[in-house]
Number of protein chains: 2
Amino acid sequence: MATVLITSGPTREFLDPVRFLSNASSGRMGRALADAFCTAGHRVIVVSGPVAIEYPPQAEVISVVTTEEMLKACQSVFPECDGVIGAAAPCDFRPEQVASQKIVKSGAPLTIRLVETPDVLARLGMMKRHQWIVGFALETHNARQHALEKIQRKRCDLMIVNRPSAIGAEWSSVEILDSQGTCLAEWAGTKTDIAIRLRELIEQRFLKLSNTSGGG
Amino acid sequence: MATVLITSGPTREFLDPVRFLSNASSGRMGRALADAFCTAGHRVIVVSGPVAIEYPPQAEVISVVTTEEMLKACQSVFPECDGVIGAAAPCDFRPEQVASQKIVKSGAPLTIRLVETPDVLARLGMMKRHQWIVGFALETHNARQHALEKIQRKRCDLMIVNRPSAIGAEWSSVEILDSQGTCLAEWAGTKTDIAIRLRELIEQRFLKLSNTSGGG
């Protein structure tokens, strides 16, 4: 059995003590993956941003808020993992300055500079030794090209490409690309279905386990 | 019995199809208020931003995403209401431009201009005839002074002043100010306790009902 790190949910990047930049990631894909791997007897560590859902009780859950916190938590556990699935949607920009007090409205526009946050999966890619890395790419346009760039930058072994309509939804439609960008499969179904098929694919390709459950 | 409009939850203001500005409002205060007023037999209309909680089945719930949508929904029902409680935390800035495609990271900082969204409660204050208006003010500093400015701008009859620690929490500590900014009371307790005490206060001051339930 393997030890699998799953990142899940959104992160938040604060502008002041109240306002933040985020996205609508619900953590449902991460939960479905945690369920699929726990059910098959694997050890699961979930590093999750703020979500309203609950992860399976067998999973070890590390709760974080910002992308930097998600990175730190992942870096601390990655060496003991066999691989990582980056199902989180970390906020990839943060306000350059965080106001210590709530910004008071003045009637005038407010100009803010956003800087990029660290790329969690790419940073794990730089650390990887024996580990496999599975990424998710959410694209609104030029999906294949952007996904291929991400595969290379993050040193991914598999990339799951989906669309913004998947965010927060129960259902998703995805393409599975290998490390060369070749499309291995296209799956549509509930996140539970997709999680089970992805677990089977990971078991076959990286964990050398035979597929015993017959697909979703 | 009265018809009470309750705004609840956060709103979201999008930067592109994926990223948005928001806050951690959970809708719990709005739900506690909806419970308190429904239980007492009042008609309750909730205009709510995206939340993970559920409102009581007796409440009429109108779901919105942005502050502009929250304003429109409130304006359409306000004439038939006896009063409004602004328990929502509408996002009060929005990106001036919304990108139609997901913004691709370039490595360079991104400068965005934020403009103010309409002030939902102040706009209802401009429409008000017989209605009473109860606001919430979340302040990190100069709480009394900022609250008094809000009372005047929003034409509030009562203002509930709380702190960022109340966001998303079960428990809260509040000051109740009247339309002159005079502190009527200070309450601490669960949001359920505070909602019941606020309903009793509103019934006594605005609905001329005697207090029959004895306080929280």
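These figures come from a predicted structure and were not determined experimentally.

Cut-offs used in this document
As a convention, each chain's residues are numbered from 1 in the sequence order in which they are written. Whichever chain is written first becomes A and whichever ligand is written first becomes 1, with later ones labelled in order. Since the coordinates come from a predicted model, pLDDT governs what is reported: local features require at least 70, and pairs of side-chain atoms require 80 or more to be given and counted, while whole-chain, interface and lining totals use all residues. Water and hydrogen atoms play no part in the side-chain values, which are based on all heavy atoms of the structure. Every helix listed is a DSSP run of H or I at least four residues long, and every strand listed is a run of E at least two residues long, numbered separately from the N terminus. Buried residues are those whose accessible area, probed at 1.4 Å on protein chains only, stays under 20% of the maximum for their type, while exposed residues exceed 50% and partly exposed ones sit between those limits. What makes two residues a contact is simply this: any of their non-hydrogen atoms within 4.5 Å. Shrake-Rupley sampling with a 1.4 Å probe provides the accessible areas, and residues are treated as covered by the protein chains on show and by no other component. Positive: Lys, Arg. Negative: Asp, Glu. His and the chain ends are not part of the count. Just so you know, the charge point we use is NZ for Lys, CZ for Arg, CG for Asp and CD for Glu. The copies are overlaid by a least-squares fit using only the C-alpha atoms of residues whose pLDDT is at least 70 in both copies. Two aromatic rings from Phe, Tyr or Trp, using only the six-membered ring of Trp, form a pair when their centres are within 6.5 Å; if the ring planes differ by under 30 degrees the pair is stacked, by over 60 it is edge-to-face, and anything between is tilted. Strands qualify as paired when DSSP identifies two bridges or more between them. One less than the number of residues in a helix, times 1.5 Å, gives the span that helix is expected to have. Buried area counts how much accessible surface, traced with a 1.4 Å probe, disappears from two parts once they are put together, with both parts' losses summed. Salt bridges are identified by distance alone: a Lys or Arg side-chain nitrogen within 4 Å of an Asp or Glu carboxyl oxygen. Any pair of N or O atoms that falls within 3.5 Å is considered a polar contact. Within protein, one atom must be able to donate a hydrogen and the other to accept it, and sequence-neighbouring residues count only if both atoms are side-chain atoms.

A. Spotlight on the overall build of chain A. Scanning chain A from N- to C-terminus turns up five helices and 12 strands. Seen through its C-alpha atoms, chain A measures out along the principal axes to roughly 65 × 35 × 35 Å. The proportion of buried residues among the 216 residues of chain A is 53%. Within chain A, residue pairs in contact and separated by at least 24 positions form 62% of the contacts whose partners lie at least 6 positions apart. Here chain A displays about 9200 Å² of accessible surface, and carbon together with sulfur accounts for 48% of that area. Taken as two groups, the 24 positive and 23 negative side-chain charges of chain A have centres that lie 3 Å from each other.

B. Representation of the relation of the copies chain A and chain B within the structure. Rotating chain A by 180° and translating it 0.0 Å along the rotation axis places it on chain B, where the RMSD comes to 0.0 Å. The operation mapping one copy onto its partner corresponds to a two-fold rotation axis. Judged by C-alpha distance, Leu21 of chain A is the residue of chain A that lies nearest the rotation axis, at 2.3 Å. In this assembly the copies share their binding face: 100% of the residues contributing to the interface of chain A also contribute to that of chain B.

C. Molecular detail of the packing of aromatic side chains. Residue and element names in this part refer to chain A. On inspection of all chains with the given rule, the structure shows four aromatic pairs over all chains. Geometrically, the ring pair formed by Trp132 and Phe206 is stacked, given 5.5 Å between the ring centres and 10° between the ring planes. With Trp132 in strand β9 (residues 132-138) and Phe206 in the segment after α5 (191-205), this pair connects stretches of sequence that are 74 residues apart. Trp132 sits in the buried class, given a relative accessible area of 5%.

D. Broad picture of the pairing of strand β6 (residues 83-86) of chain B. All names here are of chain B. Every second residue of β6 is oriented toward a common face, with Gly83 and Ile85 on one face and Val84 and Gly86 on the other, all of them buried. Pairing between strand β1 (residues 3-8) and β6: four bridges, direction parallel. Looking across to β6, one finds that Thr7 is bridged to Gly86. Looking at chain direction, β6 and strand β9 (residues 132-138) are connected through four bridges and run parallel. Bridge pairing links Ile85 to Val134 in β9.

E. Spotlight on α5 of chain A. Residues and elements named next belong to chain A. Its 15 residues give α5 an end-to-end C-alpha distance of 21 Å, which sits within 8% of 21 Å, the value for a rise of 1.5 Å per residue. When we look at burial in α5, the residues that qualify are Lys191, Ile194, Ala195, Leu198, Arg199, Glu200, Leu201, Ile202 and Glu203. Contact partners of the buried residues in α5: α1 (28-39), β6 (83-86), β9, β10 (158-162), β11 (171-178) and β12 (183-190).

F. Expanded view of the interface of chain A and chain B. Counting residues at the interface gives 38 residues for chain A, matched by 38 residues for chain B. Regarding the contact of chain A and chain B, the summed buried area is about 3500 Å², with carbon and sulfur atoms giving 62% of it. Between Lys105 of chain B and Asp119 of chain A there is a salt bridge whose closest N-O contact spans 3.9 Å. In this assembly, chain A and chain B are joined by 15 residue pairs in polar contact (both at pLDDT 80 or more).

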